[in-house]
Each structure stands twice: as C-alpha cells, then as structure tokens.
Amino acid sequence: MATLNFLTGNSGKLTEAQTLLSPLGWEIQFFEINGEVPEIVEPQSDNLTTVALAKIAQGVELLASQGRLQESLLVEDSGLFIDALPQFPGVYSAHVLKSIGCDGILRLLDEERTAHFLTVAALWTGEAVEVFVGRCDGSISMEMKGESGFGYDPIFIPDESQNGLTFAEMTSEEKSAYSHRGRALRALFDYLNDDGA
Ligand code: IMP
C-alpha cells in the first residue's frame, strides 16, 4: 500500500482523506517529525491557492531537512464562501470560526443563504508539486444541525443533500461523496493512478 503524508493538524481532514483514499489502496498518515505535526506559517493572502502553495513549499523544505524528499506530501487549504457576504469568511474561515463561530454566521444571514466550499490541495509527488481544486455548492442552514464532521459542517447543506441534511448529519463517506475535499482528493487520486505513481 502506498503512503501519503498529510501535513495538517486537523484530524477531521485526515479522517476524510482516509475514508476516501484508503479503500483505493492509499495509506494516509499525519506528517510528523519526532512524533509531532510540524508548525507551518500560513501567509496572509486572499487566495486559497497561494496559501496551499506556501504550505507545500514549507512542507517540502521540512521533508528535505529530514532526508525524506522522495516521500509524497499533501497539504490543503479550504474556505467557506457565502454569497450574501462577499469573500466572507473565505480565506478568513478559520479566524471567523474561532471568533464568531457557526452561531455568529447564522446571525448575520437573512433570506439569501447560498454558499460554497472550496478546497485547494497541493501534492508533492516526490518530484514536483501538483494542485487539485474541489468545489461544493450549497446553502447555509437556518440552525446548527448534526454532531459529525468539524468546522462549519453543522450549518452547511450541500445541494446534493437528500432531505436537506447538513454535512454534520452525514457520515464521513456521505460527506466525501459531495464535498469540496472529496472532489479535490478524487482528482488527486485520478492523477496518481494515471501517473502510475
Ligand atoms: P483550513 O484553513 O483549510 O484549515 O480551514 C479553514 C476553516 O474552514 C477552518 O476553521 C475549518 O474548520 C473550516 N473548514 C475547512 N474544511 C471544512 C469542511 O469540510 N467542513 C467544515 N468546515 C471546514
């Protein structure tokens, strides 16, 4: 089984990558140095791709410093974009979640509730960097619902959702079938397979 290191401190993201890629023959593990996920610096940018590329550049430097440059490494940056609040929370999604939370987002919205998630995944293949993008269209619920997942999952209803379920009311498999991250990682898997990696 091929191994992919995932540079993230978010166990929800790791679980979703494992849910999707493990059945396809990939073992996904936290990228750790001396048993710890290394800290990396996120640049101030209004662009998810810029952030993902900055993260992978730091990750590749860390791999090199460990003599592990031949290994593969995955990073990703995601954001929630709400049409009624242009570019918000967007690249500030992590900060906004910490400051006002899902409740705060619900208080800001009226009737216009369409939104989308974007994921930009950057993969170091052992030789080069490849970028994959996934998008999920949906809407913001009227109230928080569900216990699964993480982040904004309790308030996001993907358009494909049967019965208007939020991501937090779905299993990891159901979420991955529609989600921004699922789409980006399926594109990544197709690339790895086509490439014979
Ligand atoms: P990050 O910068 O990619 O880690 O994510 C930005 C913010 O969006 C964090 O607060 C995450 O919790 C949140 N987020 C990222 N992906 C998802 C998701 O799939 N569902 C819900 N929230 C997410």
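See the structure shown above.
Here the structure is a predicted model, which means the values were calculated and not measured.

### Remarks on helix α6 (residues 180-194)
Note on helix geometry: an α-helix contains 3.6 residues per turn, so any two residues three or four positions apart are oriented the same way. The end-to-end C-alpha distance of α6 is 21 Å, a good match for the 21 Å that 15 residues give at a rise of 1.5 Å each. Regarding α6, the residues found buried are H180, R181, G182, A184, L185, L188, F189 and L192.

### What to know about the side chain of S141
As for its position among the elements, S141 is in the loop between β6 (129-140) and β7 (156-158). With residues near it in sequence (within four places) discarded, S141 still touches L106, R113, P154, I155, I157 and T166.

### Considerations on the nonpolar core
The biggest cluster of nonpolar side chains holds 18 residues, and the ones touching the most others in it are L80, I82, I105, I140, Y152 and F156. Here this core gets 3 residues from one element, more than from any other, and that element is helix α4 (residues 101-108). When residues no more than four places from it in sequence are discounted, the contact partners of I105 are I82, F88, P89, V96, I100, I140, Y152 and I155. Counting 17 residues, the second-largest nonpolar core is a separate cluster that includes F6, L20, L74 and A184.

### Regarding the packing of aromatic side chains
Enumeration according to the criterion identifies 4 aromatic pairs in this entry. Considering the side-chain rings of F117 and F156, the 4.8 Å spacing of their centres and the 65° angle between planes classify their relative orientation as edge-to-face. Of this pair, F117 sits in strand β5 (residues 114-124) while F156 sits in strand β7, and the two are 39 residues apart along the sequence. Taking the relative accessible area as the measure of exposure, F156 reaches 0% and is therefore buried. Centre to centre, the rings of F132 and Y191 are 5.6 Å apart; their planes meet at 55°, and the pair counts as tilted. Taken as a pair, F132 in strand β6 and Y191 in helix α6 lie far apart in primary sequence, 59 residues in all. The class for Y191 is partly exposed, based on a relative accessible area of 23%. Pairwise contacts between aromatic rings join F117, F156 and F167 into one cluster.

What counts as what
Residues numbered from 1 in each chain as written. Predicted model: local features only at pLDDT ≥ 70, side-chain atom pairs only at ≥ 80, totals over all residues. Heavy atoms only, no water. Helix = DSSP H or I, 4+ residues; strand = E, 2+ residues; numbered from the N terminus. Expected span 1.5 Å × (residues − 1). Buried < 20%, exposed > 50% of the residue type's maximum accessible area, 1.4 Å probe, protein only. Contact = heavy atoms within 4.5 Å. Core = buried A, V, L, I, M, F, W, Y, C linked by side-chain atoms within 4.5 Å. Phe/Tyr/Trp six-rings, centres within 6.5 Å; stacked < 30°, edge-to-face > 60°.

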